[in-house]
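# Structure at a glance
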Amino acid sequence: MDLSELTTLRVGGPARELVLAESADAIVHAALGVWATGEDWLALGGGSNMVVSDDGFDGTVIRIGSHGITALPSAAGTVRLRVEAGEPWDDLVAHSVRQGLGGLEALSGIPGSTGAAPMQNIGAYGQEIADTLVAVEFLDHETGQLVRLPAAELSLAYRSSVFKDGRAGIVTALEMDFDDADGLSRPVAYDQLAAALGVAVGERAPVAEVRAAVLALRASKGMVLDPADPDTTSAGSFFTNPLVTAGFARSLPEAAPRWETDSGEVKVSAAWLIERAGIRRGFRLPGSGAAISSKHTLALTNTGGATASDITELARLVQERVRNEFGIYLRPEPVYVGFGA
Ligand SMILES: Cc1cc2nc3c(=O)[nH]c(=O)nc-3n(C[C@H](O)[C@H](O)[C@H](O)COP(=O)(O)OP(=O)(O)OC[C@H]3O[C@@H](n4cnc5c(N)ncnc54)[C@H](O)[C@@H]3O)c2cc1C
């Protein structure tokens with residue numbers, strides 16, 4: 001089977017071996033078996049944050065298919081859940097919202113599996129998984145041991161974690177703490193969402209209303225998977241917002257949207273940089289099946305029949321234009337698989 005069938009960008013050749021693991025035990029068994037051979041391996045969740053090469057992956061892909069959400073003992077006012085890694089992320093969000101639990105409502109509509117969520121500390125509309133995550137159960141590639149890693153040890157930051165920085169292994173389950181606060185959300189922390197809800201930033205709103213507002217906002221940008229919307233054949237945002245020094249930020253045009261971060265660095269809008277570098281929504285190279293989404297400058301889409309080469313060529317062009325115009329390197333957000341070192 002081509003991995004294009006298991007990824008949201010719908011590009012990529014076959015895996016040498018594909019194993020479906022439907023429980024934490026099965027994941028451990030499959031992983032230890034492959035690791036003992038020393039061959040190349042890859043954990044695959046929903047395939048919504050990867051670009052797989054047209055040559056495919058010369059190794060074993062372990063498809064994470066474990067399911068389940070269970071309640072754990074927790075402090076008053078808090079509900080702690082254990083979630084198996086293969087549980088679809090948005091099913092977990094919908095479950096928590098149905099229970100009236102605050103914590104993940106602004107992360108509604110993000111595709112993929114729960115186990116992959118800590119990889120890049122998924123975030124949207126003012127929330128990120130770091131706000132809710134307590135610990136992960138992790139099969140460590142270095143030791144072959146199943147360990148519990150507290151969230152504080154995961155270096156969760158904007159679109160990054162120890163896992164993105166090279167700590168190899170597989171997350172088999174997550175523990176998360178939710179607010180049991182009368183069905184109310186965490187304080188709304190994003191202007192556009194607050195405006196859609198008719199509340200001030202910092203106020204709370206019913207979790208179900210926040211979820212509905214987020215899903216509507218995301219759909220308007222092609223950011224909820226929808227077979228009827230070709231703009232959603234993507235890996236979501238293809239580039240992270242670059243972090244630059246405060247001095248460098250001052251050299252950028254005043255109109256460039258930017259946000260100061262706790263580290264003192266300044267986060268700059270990648271979408272703005274791309275548009276100002278002359279690449280508009282809907283842009284495509286002649287004869288290529290890859291295009292910039294017609295709804296969202298940051299998403300690269302497969303408009304039908306695109307190859308992985310089409311996608312990476314378009315990504316390179318965007319990077320070159322932004323580098324030439326502003327001297328900024330745009331870092332791809334998805335993981336490149338099978339492209340060699
Ligand atoms: C339409 C769309 C919208 C999106 N919107 C957002 C958004 O708002 N915010 C955001 O942060 N992201 C967003 N994304 C990106 C993506 O959905 C998330 O990064 C998601 O968490 C990826 O999950 P996955 O299971 O699909 O991961 P995959 O693509 O399967 O894997 C991604 C990486 O994680 C590794 N991995 C997967 N599972 C495990 C595991 N159990 N243990 C260890 N490693 C693992 C893989 O090996 C790979 O390196 C969007 C994507 C799309 C297509």
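Values in this document were obtained by computation on a predicted structure and should not be read as measured data.

With 4 bridges joining them, strand E5 (residues 69-72) and strand E6 (residues 78-84) adopt antiparallel strand pairing. The residue of E6 that forms the bridge with Ile69 is Val83. The hairpin turn running from E5 into E6, its antiparallel successor, is 5 residues long, and Gly77 in that turn takes a positive phi close to 85°.

Side chains Ala299 and Thr301 project from strand E17 (residues 299-302) onto one buried face, and the interleaved Leu300 and Asn302 project onto a second face that is buried too. Where strand E12 (residues 234-237) meets E17, 2 bridges bridge the pair, whose relative direction is antiparallel. Looking at the pairing, Ser234 lines up with Thr301 of E17. Across 3 bridges, the pairing between strand E16 (residues 290-292) and E17 is antiparallel. What sits directly across from Ala290, in E17, is Asn302. Hairpin connection of E16 to E17: 6 residues between the antiparallel strands.

Below, the discussion takes up the side chain of Asp310. Considering the arrangement of structural elements, one finds Asp310 in helix H7 (residues 308-326). With residues up to four places along the chain from it excluded, the contact list for Asp310 reads Ser288, Gly289, Ala290 and Gly305.

Across the chain, the bulk of peptide bonds are trans and the bulk of non-glycine residues have phi less than zero. Of note in the backbone geometry, Asn121 takes a positive phi value of approximately 50° without being a glycine. Here Asn121 shows up in the loop between helix H2 (89-98) and strand E7 (123-124). Here Asn121 falls in the buried class, since its relative accessible area comes to 0%. Here the phi dihedral of Ser155 falls at roughly 50°; this positive angle occurs in a residue that is not glycine. Topologically, Ser155 is positioned in the loop between strand E10 (146-150) and strand E11 (169-179). Ser155 sits in the partly exposed class, given a relative accessible area of 47%.

For the rest of this paragraph, the subject is the packing of aromatic side chains. Applying the stated rule across the entire model yields 7 aromatic pairs. Both rings, one in Tyr336 and one in Phe339, keep their centres 5.2 Å apart while their planes meet at 50°; by these two values the pair is tilted. Through pairs of rings, three or more aromatic residues link up here, namely Phe238, Phe239, Tyr336 and Phe339.

For helix H4 (residues 207-220), which comprises 14 residues, the first-to-last C-alpha distance of 20 Å matches the rise-based estimate of 20 Å (1.5 Å per residue) to within 8%. In this structure, the buried side of H4 is in contact with H2, E7 and helix H3 (191-197). Just past H4, the residue Gly222 takes up positive phi, approximately 70°.

With that settled, the discussion passes to the sheet that holds strand E13 (residues 243-244). Spatially, the 3 strands line up as an open sheet ordered E13-E15-E14, and their pairing is antiparallel. Each edge of the sheet is formed by a strand with only one pairing partner; in this case those strands are E13 and strand E14 (258-260). Bridge count between E13 and strand E15 (residues 266-268): 2 bridges; the pairing is antiparallel. Residue pairing for E15: Val244 is matched across the bridge by Val266.

Let's shift gears to the pattern of salt bridges. On inspection of all chains with the given rule, the structure shows 12 salt bridges. A salt bridge links Asp229 to Lys295; its shortest N-O distance comes to 2.9 Å. Of the two residues, Asp229 is situated in the loop between H4 and E12 and Lys295 in the loop between E16 and E17; the sequence distance between them amounts to 66 residues. Residue Asp229 is classed as buried on the basis of its relative accessible area, which comes to 11%. By relative accessible area, Lys295 is classed as partly exposed at 26%. Through salt bridges that share partners, Arg80, Arg148, Glu175 and Asp177 make up one connected network.

Turning next to the site of the ligand. Around the ligand, the structure places 33 residues, and the nearest of them are Ala43, Gly46, Ser48, Ser113 and Arg218. Taking Asn49, its main chain carries an N or O atom lying 2.8 Å from an oxygen atom of the ligand. Take Gln120: an N or O atom from its side chain is 3.0 Å from an oxygen atom of the ligand. Out of a free accessible area of 980 Å², the ligand has 94% covered by protein chains. At the level of secondary structure, the elements contributing two or more residues to the shell around the ligand comprise strand E2 (41-44), E7, E11 and E12. Class assignment for the residues of the shell around the ligand results in 16 nonpolar, 14 polar and 3 charged.

Reading the values: the criteria
Residues numbered from 1 in each chain as written. Predicted model: local features only at pLDDT ≥ 70, side-chain atom pairs only at ≥ 80, totals over all residues. Heavy atoms only, no water. Pairing = 2+ DSSP bridges. Helix = DSSP H or I, 4+ residues; strand = E, 2+ residues; numbered from the N terminus. Buried < 20%, exposed > 50% of the residue type's maximum accessible area, 1.4 Å probe, protein only. Contact = heavy atoms within 4.5 Å. Phe/Tyr/Trp six-rings, centres within 6.5 Å; stacked < 30°, edge-to-face > 60°. Expected span 1.5 Å × (residues − 1). Salt bridge = Lys/Arg side-chain N within 4 Å of Asp/Glu carboxyl O. Near = heavy atom within 4 Å. Polar contact = N/O pair within 3.5 Å; in protein donor to acceptor, adjacent residues only side chain to side chain. Areas by Shrake-Rupley, 256 points an atom, 1.4 Å probe, with all protein chains shown as cover. Nonpolar A, V, L, I, M, F, W, Y, C, P; charged D, E, K, R; others polar.

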